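Examining the three-dimensional arrangement
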Amino acid sequence: MKTFATTIITALIVAAEGVYAFPSTGTTPLRNEASKKDILIGSGAINPMYLNDPEFAAVLANQFNSLSPENEMKWSFINPTKGHYNWDTIDRLVNFAEDNNMVVKGHGLISSCCNPDFLLNITHPTAFRTAMKTHFEAIMHRYDGKIDRWDVVTEALKTQGGGLNNNTFYQVLGPGYIADAFRIARAAAPDAKLFINENLVESLPGKRQELYNLVSSFVAKGVPIDGVALQMHITEVAPKPGVITEMVNSYKALGLEVAIAELDVHTLDNAVETDIYDAVVSEALDAGITDISFWGFTDKHAYTWVQGAKPLMFDQCYKPKSEFYATHAALTNFVNRS
Ligand code: 9MR
């Protein structure tokens, strides 16, 4: 016989393949609270293979109204050889999102890893730019109307700041590759929002200024960019209070949006982790950020550089952690004054 305790900690989902139990949060889903306030609350790092796990799929669809892929849209994954595209994986994500009334963010058009040999072997700038255009057009046209916001360039700056990353794009096209990428992306998907995605700017003032200088120079030159996507991979220490607000205001003055694209918190101290979820989500909402995504949601599939850290808001068995409740409370308490 089911005990009362079992009854309250499980919820049932009915899917085509059967009925599944997963731990209940005892609250409304995050997406319900977010949608009431026109906020996107998303999970990135969704490897479509994870959808084979019905509990994973159920919690994702239940809690979030946005998703984005992990590596599957990075160049070597989706376009490993010239003219060949692996559409199945991203199609699966897009279909899942459609079935569950979620939106999809494109991630990985240009990232700091995962470039195939056929691209690396192109050394002539004109041919390289053509390859970029072909790649962007193929992907953005395929998902026209299905993916309406994109990380166009991810990690353009060196990790600790101090100049542009010396990646293949930089080596062949020079510093202008970023503006080229945005122009190509805008032409391929005129109605989509285009973001530059960057890490660590919330904790490194010098890098923060460098990103601002780069982006404001784009705006001055008419490079088509809509916003800055802050990764927000936080290790141990929260950003200084006020920094998120300051960034939102400075980009707003340029006519740009700030989003949080990959929030997770890497520490062995769960109380610290929870406080950081609370601080970041609360300040982001108050500052006017309306698009917040985490880099995954279950510690079952976490990517961390702190050995033993559990950076996400559900545990390995999909049980909500205090990080979930902090996020839920931040969304519930948020009063939209705009
Ligand atoms: O989660 C991704 C991991 O599986 C890859 O090995 C890694 C290198 O490609 O990239 C990780 O995702 C990164 C994302 O694409 C960009 N921002 C940093 C993410 C890792 O925290």
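Predicted model, so just to flag it, every value in this text is computed and none were measured.

**Things to note about the site of the ligand**
- Residues in contact with the ligand amount to 13 residues; listed here are only the nearest, E70, K74, H107, C113 and E262.
- Here a nitrogen atom of the ligand sits 3.1 Å away from a polar atom, N or O, in the side chain of Q231.
- W295 is positioned such that a nitrogen or oxygen atom in its side chain is 3.0 Å from an oxygen atom of the ligand.
- Coverage of the ligand by the protein amounts to 78% of the 470 Å² it exposes when considered alone.

**Let's talk about helix α5 (residues 87-99)**
- For α5, which comprises 13 residues, the first-to-last C-alpha distance of 18 Å matches the rise-based estimate of 18 Å (1.5 Å per residue) to within 8%.
- One or two residues past the end of α5 sits N101, with phi positive at roughly 55°.

**With respect to the confidence of the model for the protein chain**
- The predicted model of the protein chain has a mean per-residue pLDDT of 95, with 94% of residues at 70 or higher.
- Note that residues 1-8 has pLDDT below 50 and, in this model, three contacts with residues that lie over four places away or in other chains.

**Thoughts on the pattern of salt bridges**
- In this structure the tally under the stated criterion is 14 salt bridges.
- Note that E137 is salt-bridged to K133, the shortest N-O span being 3.1 Å. Here E137 pairs with K133, and both are found in helix α7 (residues 125-142), just four residues apart, close to one helical turn.
- Exposure remark for E137: the relative accessible area of 26% places this residue in the partly exposed category.
- Judged by relative accessible area, K133 falls into the partly exposed class, the value being 42%.
- Bridged by salt links that share partners, the residues E273, D299 and K321 form one connected network.

Criteria and thresholds
- Residues numbered from 1 in each chain as written.
- Predicted model: local features only at pLDDT ≥ 70, side-chain atom pairs only at ≥ 80, totals over all residues.
- Heavy atoms only, no water.
- Near = heavy atom within 4 Å.
- Polar contact = N/O pair within 3.5 Å; in protein donor to acceptor, adjacent residues only side chain to side chain.
- Areas by Shrake-Rupley, 256 points an atom, 1.4 Å probe, with all protein chains shown as cover.
- Helix = DSSP H or I, 4+ residues; strand = E, 2+ residues; numbered from the N terminus.
- Expected span 1.5 Å × (residues − 1).
- pLDDT = per-residue confidence, 0-100.
- Contact = heavy atoms within 4.5 Å.
- Salt bridge = Lys/Arg side-chain N within 4 Å of Asp/Glu carboxyl O.
- Buried < 20%, exposed > 50% of the residue type's maximum accessible area, 1.4 Å probe, protein only.

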